[in-house]
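Each chain, written out:
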Amino acid sequence: MTRHRGLTEQAADAAIDSACRVLRLPTIRGQFPDLAEAAARDQMTYRGFLAELLMAECDDRARRRSERRIKAAAFPRDKSLRAFDFDANSNVDPAVVHTLASCDWVRKGLPLCLIGDSGTGKSHLLIALGTEAAMVGFRVRYVLATKLVNELVEAADEKVLVKTIARYGRVDLLCIDELGYMELDKRGAELLFQVLTEREEKASVAIASNEAFSGWTKTFTDPRLCAAIVDRLTFGGNIIETGTDSYRLAKTRHQLANTSQ
């Protein structure tokens, strides 16, 4: 690109637009006119104006990366900690949850277990904490327990099990939802155990289950395997019990009562 001094304002704008396209700086290209006007109005220095431009580009790139990680996690719906009703469920300690939101446990490769009945917020917390991890830069993957097991069984049948387990092993946080809703046969349970073993003390696993650990023998019918899986998911990790009272059901009943009045 040939550089010229003393460009007109129109020519300078065209040159900036062209340069931003070549250098792939879409945010600077889009925000430059407004930032330039603000810089002139506020009598910013050249250095200050350049800093504003570069920070805008960096912030927008970070936002786009975060959005890509959240999309790659394959969450079934949007859930945030801000939207979680701590007042409706006194079993969940806000301080504990907000400490987990710092994602230090993910950095250390520790597990997280959310245990409670349907409607108590465990899936909400699982998705929200997974989203927090994706936002700060971790690779996250969400999957239903039954879907994961079915995928592993198919992979084993098609002789690509090692590749599939390795793919799940590469993410920083694996979120497994609805563990305990259905009984797994011995083969499925063993394959799930392989995934957990691959990640042990290296990368985090977070699970949400409607069964207390004492009831996991209904899901994992082999007692030894069940004990080994519980050990993998609890050693050094965090356990949050969301209770047995469905605040979702209570909210629905409250809304119906208000409607009928």
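Residues numbered from 1 in each chain as written. Predicted model: local features only at pLDDT ≥ 70, side-chain atom pairs only at ≥ 80, totals over all residues. Heavy atoms only, no water.

1. Section: the overall build of the protein
Secondary structure summary: the protein contains 11 helices and five strands in total. Its C-alpha radius of gyration of 25 Å places the protein more than 25% over the 18 Å reference for a compact globule of 261 residues. Viewed in the frame of its principal axes, the protein has a C-alpha envelope of about 80 × 60 × 35 Å. In the protein, which comprises 261 residues, the proportion classed as buried is 39%. At a minimum sequence separation of 6, the contacts of the protein that also span at least 24 residues come to 80%. In the form shown here, the protein has an accessible surface area of approximately 15800 Å², with 51% of it arising from carbon and sulfur atoms. Charge separation in the protein, taken as the distance between the mean sites of 37 positive and 36 negative side-chain charges, equals 6 Å. (Helix = DSSP H or I, 4+ residues; strand = E, 2+ residues; numbered from the N terminus. Rg over C-alpha atoms; globule rule 2.2 N^0.38 Å. Buried < 20%, exposed > 50% of the residue type's maximum accessible area, 1.4 Å probe, protein only. Contact = heavy atoms within 4.5 Å. Areas by Shrake-Rupley, 256 points an atom, 1.4 Å probe, with all protein chains shown as cover. Lys, Arg positive; Asp, Glu negative; His and termini not counted. Charge placed at Lys NZ, Arg CZ, Asp CG, Glu CD.)

2. Structural notes on the side chain of T120
Structurally, T120 can be placed in the loop between strand 1 (112–116) and helix 6 (122–135). In terms of polar contacts, T120 uses its side chain to reach the backbone carbonyl oxygen of D117, at 2.6 Å. Here T242 takes part through its side chain, which lies 2.7 Å from a polar atom of the side chain of T120. (Polar contact = N/O pair within 3.5 Å; in protein donor to acceptor, adjacent residues only side chain to side chain.)

3. Observations concerning the packing of helix 1 (residues 9–23) against helix 2 (residues 26–41)
At their nearest, the axes of helix 1 and helix 2 sit 8 Å apart, and the two run at 160° to each other. Of the possible angle classes, the one that applies to helix 1 and helix 2 is roughly antiparallel. Seen along the crossing, helix 1 lies across helix 2 with a hand that is right-handed. Here helix 1 contributes D13, I16, D17, C20 and R21 to the contact with helix 2, which in turn contributes I28, R29 and F32. Across the contact of helix 1 with helix 2, the residue classes break down as four nonpolar, no polar and four charged. (Axes fitted to C-alpha atoms, helices over the stretch in contact; angles between N-to-C directions. Parallel < 35°, antiparallel > 145°, perpendicular 65-115°, else oblique. Left-handed = near helix turned anticlockwise from the far one by under 90°. Nonpolar A, V, L, I, M, F, W, Y, C, P; charged D, E, K, R; others polar.)

4. Some words on helix 10 (residues 223–234)
Between the first and last C-alpha of helix 10 there are 16 Å, a value that for 12 residues agrees with the 16 Å anticipated at 1.5 Å per step. Every buried residue belonging to helix 10 is among L225, C226, A228, I229, V230 and L233, and all of these are buried. Along its buried surface, helix 10 packs onto strand 1, strand 3 (173–179), helix 9 (186–199) and strand 4 (204–209). The N-capping residue of helix 10, defined by a side-chain oxygen 3.0 Å from the backbone nitrogen of R224, is D222. Following helix 10 by one or two positions, G236 adopts a phi angle in the positive range, close to 70°. (Expected span 1.5 Å × (residues − 1).)

5. Focus on the pairing of strand 3
Side chains on a regular strand alternate between the two faces of the sheet. For strand 3, the tally of buried residues reaches six of seven residues, placing the bulk of the element in the interior. Bridge count between strand 2 (residues 140–144) and strand 3: five bridges; the pairing is parallel. Its bridge partner being in strand 3, Y142 is matched across the sheet by C175. Bridge analysis of strand 3 against strand 4 gives five bridges, and the strand direction is parallel. In the sheet register, L179 faces strand 4, and the bridge partner there is S209. In this fold, strand 3 hands off to helix 9, which returns the chain to strand 4; that crossover is right-handed. (Pairing = 2+ DSSP bridges. Right-handed = clockwise from strand over helix to strand, strands pointing away.)

6. Focus on the confidence of the model for the protein
For the protein, the mean per-residue pLDDT works out to 89, and 92% of the residues sit at or above 70. Per-element averaging of pLDDT across the protein places helix 11 (residues 247–260) at the bottom with 58 and strand 2 at the top with 97. (pLDDT = per-residue confidence, 0-100.)

7. Overview of helix 2
Counted at 1.5 Å a residue, the expected span for helix 2 with its 16 residues is 22 Å, and the 24 Å between its end C-alpha atoms agrees. Within helix 2, the axis deviates most sharply at F32, by approximately 55°, and proline P33 lies no more than four positions further along. Considering only its buried residues, helix 2 is in contact with helix 1 and helix 3 (46–73). With its phi angle positive at about 55°, Q43 sits one or two positions after the end of helix 2. (Bend = angle between axes of the 7 residues up to and from the residue.)

8. With respect to the packing of helix 8 (residues 161–169) against helix 9
Contact geometry for helix 8 and helix 9: axes closest at 9 Å, N-to-C directions at 50°. Accordingly, the angle class assigned to the pair helix 8 and helix 9 is oblique. Between helix 8 and helix 9 the crossing geometry is right-handed. Judged by residue contacts, L161, I165, Y168 and G169 of helix 8 engage L191, Q194, V195, E198 and R199 from helix 9.

9. Description of unusual backbone geometry
Its identity as a non-glycine residue notwithstanding, A74 has a phi of 65°, on the positive side. The partly exposed category is assigned to A74, whose relative accessible area is 35%. Residues other than glycine seldom take positive phi values, yet E178 does so here, at roughly 60°. Tracing the backbone through its elements, the reader meets E178 in strand 3.

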